[in-house]
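Residues per chain are reported as follows:
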Amino acid sequence: MGSVTVYGPPISPAVSRVLACLLEKDVVFNLVNIDMSKAQHKSPDFLKIQPFGQVPAFQDEHTTLFESRAICRYICDKYADRGNRSLLGRRGGGLVERAHVEQWLEAEGQSFNPPSSTLVFQLAFAPQMGLPQDPAAIVLNEGKLAKVLDVYERQLQESRFLAGDEFSLADLSHLPNSHYIRAGGKEELFTSRKHVARWWEEISMRPSWQKVVEMQRTPPA
């Protein structure tokens, strides 16, 4: 196995984001499951590599990182010559092309992630944890997400993917939460928008993401 280790359960949206990036880049990695139900993410040893006690944590030789989007940027830069080479913009695209990727990656983190993360918790994780769903929170954040996806619909009418005509880290970063929202019965947020629906169908069928979904379905060792 390689020098890269990811700590965290594949069902975590943030962990799955990093796994999809590693698979796109053809980087060999070790996956160490962290049992959050047993508070392993709050253990002293884990806090040494992730001081906030969250997942994922990431190690590559002597480099330790946390926060999934920062990890993905690191992977794309360090392993630039492996796998998909256009996740941060095509070679020759220069600063402008990378900036386009970065702006949509920021849009995912700042505009898409807040309402979608609430929906993921309410639709997917609350039932698994035996917690009651909050219908008001679902309705509120469904409305917020709809407004974000309206912007995406206009963008995707002009380009195949969010940052242009090449699949990028900006698209990849949307996979985890979108997957859970659709599985939670809110697929109409995507299917009701022609270009968003086409975009989702294409990015969700990538072999890298299909492998992550397979990993999510496999019980941890």
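These figures come from a predicted structure and were not determined experimentally. Each residue is numbered by its place in its chain's sequence as written, counting from 1. The predicted origin of the model limits local features to residues at a pLDDT of at least 70 and limits the giving and counting of side-chain atom pairs to 80 or more, whereas totals for whole chains, interfaces and linings rest on all residues. Only hydrogens and water are set aside when side-chain values are computed; all heavy atoms of the structure are taken into account.

Draft legend 1. Broad picture of the overall build of the chain. Secondary structure elements follow DSSP: runs of H or I of four or more residues count as helices, runs of E of two or more count as strands, with numbering from the N terminus. Counting its secondary structure elements, the chain contains 10 helices and 4 strands. When the helices and strands of the chain are read in sequence order from the N terminus, they spell out β-α-β-α-β-β-α-α-α-α-α-α-α-α. Atoms counted for the radius of gyration: C-alpha only. Globule rule: 2.2 Å times the number of residues to the power 0.38. Against the 2.2 N^0.38 benchmark of 17 Å for 221 residues, the chain shows a C-alpha radius of gyration of 17 Å, consistent with a compact globule. For the chain, the C-alpha atoms occupy an extent of roughly 50 × 45 × 25 Å along the three principal directions. The buried label goes to any residue with under 20% of its type's maximum accessible area, the exposed label to any with over 50%, and the partly exposed label to all in between, with areas taken from a 1.4 Å probe on protein chains only. Taking all 221 residues of the chain together, 50% fall into the buried category.

Draft legend 2. Highlighting the sheet that holds strand β3 (residues 57–60). A sheet is described by the order of its strands in space; here 4 strands give the open sequence β2-β1-β3-β4, paired in mixed fashion. Single-partner strands in this sheet number two, and they are β2 (29–32) and β4 (63–66). Direction aside, the axes of adjacent strands within the sheet are offset by 20° on average. We call two strands paired when DSSP finds no fewer than two bridges between them. With 4 bridges joining them, strand β1 (residues 4–7) and β2 adopt parallel strand pairing. Across the sheet, the residue bridging to Thr-5 is Asn-30, located in β2. By definition, residues are in contact when any of their heavy atoms lie within 4.5 Å. Lines fitted to C-alpha atoms define the axes here, with helix axes fitted over just the stretch in contact, and angles between the N-to-C directions of these axes take values from 0 to 180 degrees. Sheet contacts for helix α1 (residues 13–24): β1, β2 and β3; angle to β1, the most-contacted strand, approximately 155°.

Draft legend 3. Examining the pairing of β1 more closely. What you see with β1 is no split at all: Val-4 and Val-6 on one side and Thr-5 and Tyr-7 on the other are buried throughout. When the strands point away from the viewer and the path from the first strand over the helix to the second turns clockwise, the crossover is right-handed. Taking the sense of rotation as the criterion, the β-α-β connection linking β1, α1 and β2 turns out right-handed. One ladder, built from 4 bridges, connects β1 with β3; its direction is antiparallel. Its bridge partner being in β3, Thr-5 is matched across the sheet by Gln-59.

Draft legend 4. Region of the structure containing the state of the cysteines. A pair of sulfur atoms, both from cysteines and within 2.5 Å, is called a disulfide here. Counted under the stated rule, the structure contains 0 disulfides. Unpaired in this structure, Cys-72 has its nearest cysteine sulfur neighbour in Cys-21, at a distance of 4.1 Å.

Draft legend 5. Highlighting a nonpolar patch on the surface. By definition, no residue in a patch forms a salt bridge, and every one has over 30% relative accessible area; like charges are joined within 9 Å, nonpolar side chains (Val, Leu, Ile, Met, Phe, Trp, Tyr) within 5 Å. Using the Shrake-Rupley algorithm and a 1.4 Å probe, accessible areas are obtained, with residue cover drawn only from the displayed protein chains. Each salt bridge in this description consists of a side-chain nitrogen of Lys or Arg and a carboxyl oxygen of Asp or Glu lying within 4 Å of one another. Taken together, Phe-121, Met-129 and Leu-131 make up a surface patch of nonpolar side chains, about 280 Å² in accessible area. Of note, Phe-121 is situated in helix α4 (residues 94–128).

Draft legend 6. Region of interest: the packing of aromatic side chains. Stacked, tilted and edge-to-face pairs are distinguished by plane angle, under 30 degrees for stacked and over 60 for edge-to-face with tilted covering the rest, among Phe, Tyr and Trp rings (Trp via its six-membered ring) whose centres lie within 6.5 Å. Taken as a whole and judged by the stated rule, the model has 8 aromatic pairs. Between Phe-52 and Phe-66, the aromatic rings sit 5.7 Å apart at their centres with planes inclined by 70°, giving edge-to-face as the arrangement. With Phe-52 in the loop between α2 (44–49) and β3 and Phe-66 in strand β4, this residue pair connects regions lying 14 residues apart in the sequence. Judged by its relative accessible area of 53%, Phe-52 falls in the exposed class. Note on Tyr-152 and Trp-199: the rings are 6.1 Å apart at their centroids and 85° apart in plane angle, and the pair reads as edge-to-face. Remark: Trp-199 occurs in helix α9 (residues 194–204) and Tyr-152 occurs in helix α5 (residues 135–158); sequence separation between them is 47 residues. The exposure class assigned to Tyr-152 is buried, which follows from its relative accessible area of 2%. Put simply, the rings of Trp-104, Phe-112, Tyr-152 and Trp-199 pair up and form one aromatic cluster. Geometry around Phe-167 places Arg-206 over its ring, the cationic atom sitting 3.9 Å from the centre. Either the NZ atom of lysine or the CZ atom of arginine qualifies as a charge over a ring when it sits within 6 Å of the ring centre and within 35 degrees of the ring normal.

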